[in-house]
Amino acid sequence: FDPIDGIDNDGNGYVDDVHGWDFAGNDNSIYDGSGDDHGTHVSGTVAARGGNGMGVAGVCWQVQLISAKFLGRNGGTTANAVKAVNYITELKIRHGLNIVATNNSWGGGGYSTALYNAIASAGAANILFVAAAGNSGVNIDASPFFPASYDLENIISVAAIDKAGNLASWSNFGATRVDLGAPGVGI
């Protein structure tokens, strides 16, 4: 829908976003090196092809990924998080991409109506928003951690567990706001 040719062929405001967009750098370079690679690491855990003798194997080898990066070496802004969520939702609505879920292994900051509304719009487009529960070892039912703590039906909040299925000592938790645990120790 937007081949690499220096033109915004799909008219979404992002030139040559064939692999996604970096809202922190305002460009189509979604991988900026090993000091800024948390999203790449998580993507590999999810979708790295196995059985090929290279690197790691993810849990779902047949998935396709697109990036909506908004964090850089020095963090990011809620405004760019909103742009990233809206970008993915727009790709599904305008281009009919079969986007079923987004991985959001990030969090922090206070409640944001704009971010809440962006995630709600994604939900209206039938996009699950998989959110990190956080890494402070607190109960997010009592001490909210956003975006995992937003009260939206399309959010799946994920705590970190170890190989024995135990909650990681540093992982946030909550009987209401955390939906499940997934490997987060030694991966």
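Scroll up a little and you will see the structure.
**Section: the overall build of the chain**
Point 1. Scanning the chain from terminus to terminus reveals three helices and six strands.
Point 2. Moving toward the C terminus, one meets the helices and strands of the chain in the order β-α-β-α-β-α-β-β-β.
Point 3. Computed over C-alpha atoms, the radius of gyration of the chain comes to 17 Å, within 12% of the 16 Å expected from 2.2 N^0.38 for 187 residues, which places it in the range of a compact globule.
Point 4. In terms of principal-axis extent, the alpha carbons of the chain reach across some 50 × 45 × 30 Å.
Point 5. For the chain, the proportion of its 187 residues judged to be buried stands at 35%.
Point 6. Partitioning the intrachain contacts of the chain with sequence separation of at least 6 by distance along the chain shows that 57% fall at a separation of at least 24.
Point 7. Counting every atom, the chain has about 10,300 Å² of accessible surface; 54% of that belongs to carbon and sulfur.
Point 8. Each charge class in the chain was averaged separately, 8 positive and 17 negative side chains, and the resulting centres sit 5 Å apart.

**Describing the environment of Ala142**
Point 1. Examined against the element boundaries, Ala142 turns out to sit in the loop between β4 (128-132) and β5 (155-161).
Point 2. Under the relative-accessibility criterion, Ala142 is labelled exposed at 62%.
Point 3. When the C-alpha atoms of Ala142 and Thr176 are compared, they prove to be 9.9 Å apart, with 34 residues separating the residues in sequence.

**Observations concerning the layout of surface pockets**
Take a probe with the size of a water molecule and roll it over the atoms, and the empty space left behind shows itself.
Point 1. Reported here for the second largest pocket is a volume of approximately 160 Å³.
Point 2. As for the second largest pocket, its lining consists of 14 residues, of which Phe70, Thr77, Thr78, Trp106 and Gly108 are closest to the centre.
Point 3. Residues belonging to the lining of the second largest pocket are distributed by class as follows: seven nonpolar, seven polar and no charged.

**Structural notes on the packing of aromatic side chains**
Point 1. Applying the stated criterion across every chain, the model contains eleven aromatic pairs.
Point 2. Geometrically, the ring pair formed by Tyr14 and Phe23 is edge-to-face, given 5.3 Å between the ring centres and 80° between the ring planes. Exposure class is identical for Tyr14 and Phe23. Each is buried.
Point 3. Ring centres of Tyr111 and Tyr150 lie 5.2 Å apart, and the angle between their planes is 75°; on these two criteria the pair is classed as edge-to-face. Taken together, the residues Tyr111 in the loop between β3 (101-104) and α3 (113-124) and Tyr150 in the loop between β4 and β5 connect sequence positions 39 residues apart.
Point 4. Here Tyr150 falls in the buried class, since its relative accessible area comes to 2%.
Point 5. Among the aromatic residues, those joined into a ring-pair cluster are Tyr14, Trp21, Phe23 and Tyr87.

About the criteria used
Residues numbered from 1 in each chain as written. Predicted model: local features only at pLDDT ≥ 70, side-chain atom pairs only at ≥ 80, totals over all residues. Heavy atoms only, no water. Helix = DSSP H or I, 4+ residues; strand = E, 2+ residues; numbered from the N terminus. Rg over C-alpha atoms; globule rule 2.2 N^0.38 Å. Buried < 20%, exposed > 50% of the residue type's maximum accessible area, 1.4 Å probe, protein only. Contact = heavy atoms within 4.5 Å. Areas by Shrake-Rupley, 256 points an atom, 1.4 Å probe, with all protein chains shown as cover. Lys, Arg positive; Asp, Glu negative; His and termini not counted. Charge placed at Lys NZ, Arg CZ, Asp CG, Glu CD. 1 Å grid on protein atoms, 1.4 Å probe; cavity = no way out; pocket = protein on both sides within 12 Å on 5 of 7 lines; lining within 4 Å. Points joined across faces, edges and corners; volume = space filled by probe spheres on them. Nonpolar A, V, L, I, M, F, W, Y, C, P; charged D, E, K, R; others polar. Phe/Tyr/Trp six-rings, centres within 6.5 Å; stacked < 30°, edge-to-face > 60°.

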